[in-house]
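Remarks on the overall topology
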Amino acid sequence: QVQLVESGGGLVQPGGSLRLSCAASGFTFSTYGMRWYRQAPEKERELVAGISSTGSYTDYADSVKGRFTISRDNAKNTVDLQMNSLKREDTAVYYCNADVAYVKYWGQGTQVTVSS
C-alpha cells in the first residue's frame, strides 16, 4: 500500500532553515509527481510546492518562492523541501502528497514552528 512518511520538522527561529523529507513506498515513485502542502491552525490546507516525476519541473506558492526548494531522489524514493529564511507565518503542519491512481495519499504530517 502507498505510504508517505515525513520527517524533519521542529522549532526554528525566524530567519532560520529546516529541511523536510518524505519517504515514499508502495508505488512506482519515479513515475509520479509529488507535492508538499501545509495547514496552519484554523486555515485550509494549501499547496506549497510541487515537482514533476523526473524532477525537471518545479512550482511554488507565491508565499514561498525564492525561500523554499523542492527536490527528489528517485533512487531513494524521497522528496525533500528545503526551507530557508523562515517566517512566523510558515508555522504549520507540513504534509507530503502523492496522487496515485486517482487517489490522494497523505503522510501523517510534520510540525514546523517558527518562533523566537
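Residues numbered from 1 in each chain as written. Predicted model: local features only at pLDDT ≥ 70, side-chain atom pairs only at ≥ 80, totals over all residues. Heavy atoms only, no water.

**Some remarks on the sheet that holds strand E8 (residues 78-83)**
What counts is decided by this rule: At least two DSSP bridges between two strands are required for those strands to pair. Only DSSP runs of H or I with at least four residues qualify as helices, and only runs of E with at least two residues qualify as strands; both kinds are numbered from the N terminus onward. Where helices are involved, their axes are fitted lines through C-alpha atoms of the stretch in contact, as for all axes, and angles between N-to-C directions lie from 0 to 180°.
Strand order in the open sheet formed by four strands is E1-E3-E8-E7, and the pairing between neighbours is antiparallel. Either end of the sheet is taken by a strand with one partner, and the two such strands are strand E1 (3-7) and strand E7 (68-73). In this sheet, adjacent strand axes meet at a mean angle of 15° when their direction is disregarded. As paired elements, strand E3 (residues 18-25) and E8 share six bridges and run antiparallel to each other. By the bridge assignment, Cys22 is partnered in E8 with Val79.

**Some points on the environment of Ser53**
This is how it is decided: Throughout, a contact is declared for two residues whenever any of their heavy atoms are within 4.5 Å.
Within the secondary structure, Ser53 is located in the loop between strand E5 (46-51) and strand E6 (58-60). For Ser53 and Phe27, which are 26 residues apart along the polypeptide, the C-alpha to C-alpha distance reads 13 Å. Discounting chain neighbours no more than four positions away, the residues touching Ser53 are Ser30, Thr31, Tyr32, Gly33, Arg72 and Asn74.

**A word on the pattern of salt bridges**
Inclusion rule: The term salt bridge refers to a side-chain nitrogen of Lys or Arg lying within 4 Å of a carboxyl oxygen of Asp or Glu. The buried label goes to any residue with under 20% of its type's maximum accessible area, the exposed label to any with over 50%, and the partly exposed label to all in between, with areas taken from a 1.4 Å probe on protein chains only.
Evaluation of the coordinates by the stated rule reveals seven salt bridges. For Glu46, the salt bridge goes to Arg38, with nearest N and O atoms at 2.6 Å. A residue is classified by how much of its surface remains accessible, and Glu46, at 33% relative accessible area, is partly exposed. Among the ionic pairs, Asp90 bridges to Arg38, the shortest N-O distance being 2.9 Å.

**Quick word on the side chain of Thr110**
This is how it is decided: Whenever a nitrogen or oxygen atom comes within 3.5 Å of another N or O atom, the pair is scored as a polar contact, on the condition that within protein one atom can donate a hydrogen and the other can accept it, and that pairs from neighbouring residues in sequence are kept only if both atoms are in side chains.
Along the polypeptide, Thr110 turns up in strand E11 (residues 110-114). Relative accessible area serves as the criterion here: at 10%, Thr110 is assigned to the buried category. Among the polar contacts made by the side chain of Thr110, one reaches the main-chain amide nitrogen of Gly9 at a distance of 3.1 Å. Contacts of Thr110, omitting those with residues within four sequence positions, involve Glu6, Ser7, Gly8, Gly9, Leu20, Ala92, Val93 and Tyr94.

**Some words on the nonpolar core**
The line we're drawing: Nonpolar core, defined: a set of buried Ala, Val, Leu, Ile, Met, Phe, Trp, Tyr and Cys residues in which side-chain atoms within 4.5 Å join the residues together.
Ranked by size, the top nonpolar core spans 31 residues in total, and within it Phe27, Met34, Trp36, Val79, Leu81, Met83 and Tyr94 carry the most contacts. When residues of this core are assigned to their parent elements, the largest contribution, five residues, is made by strand E9 (residues 92-100). Residues within four places of Met83 in sequence aside, it is in contact with Gly16, Ser17, Leu18, Leu20, Arg67, Phe68, Tyr94 and Val112.

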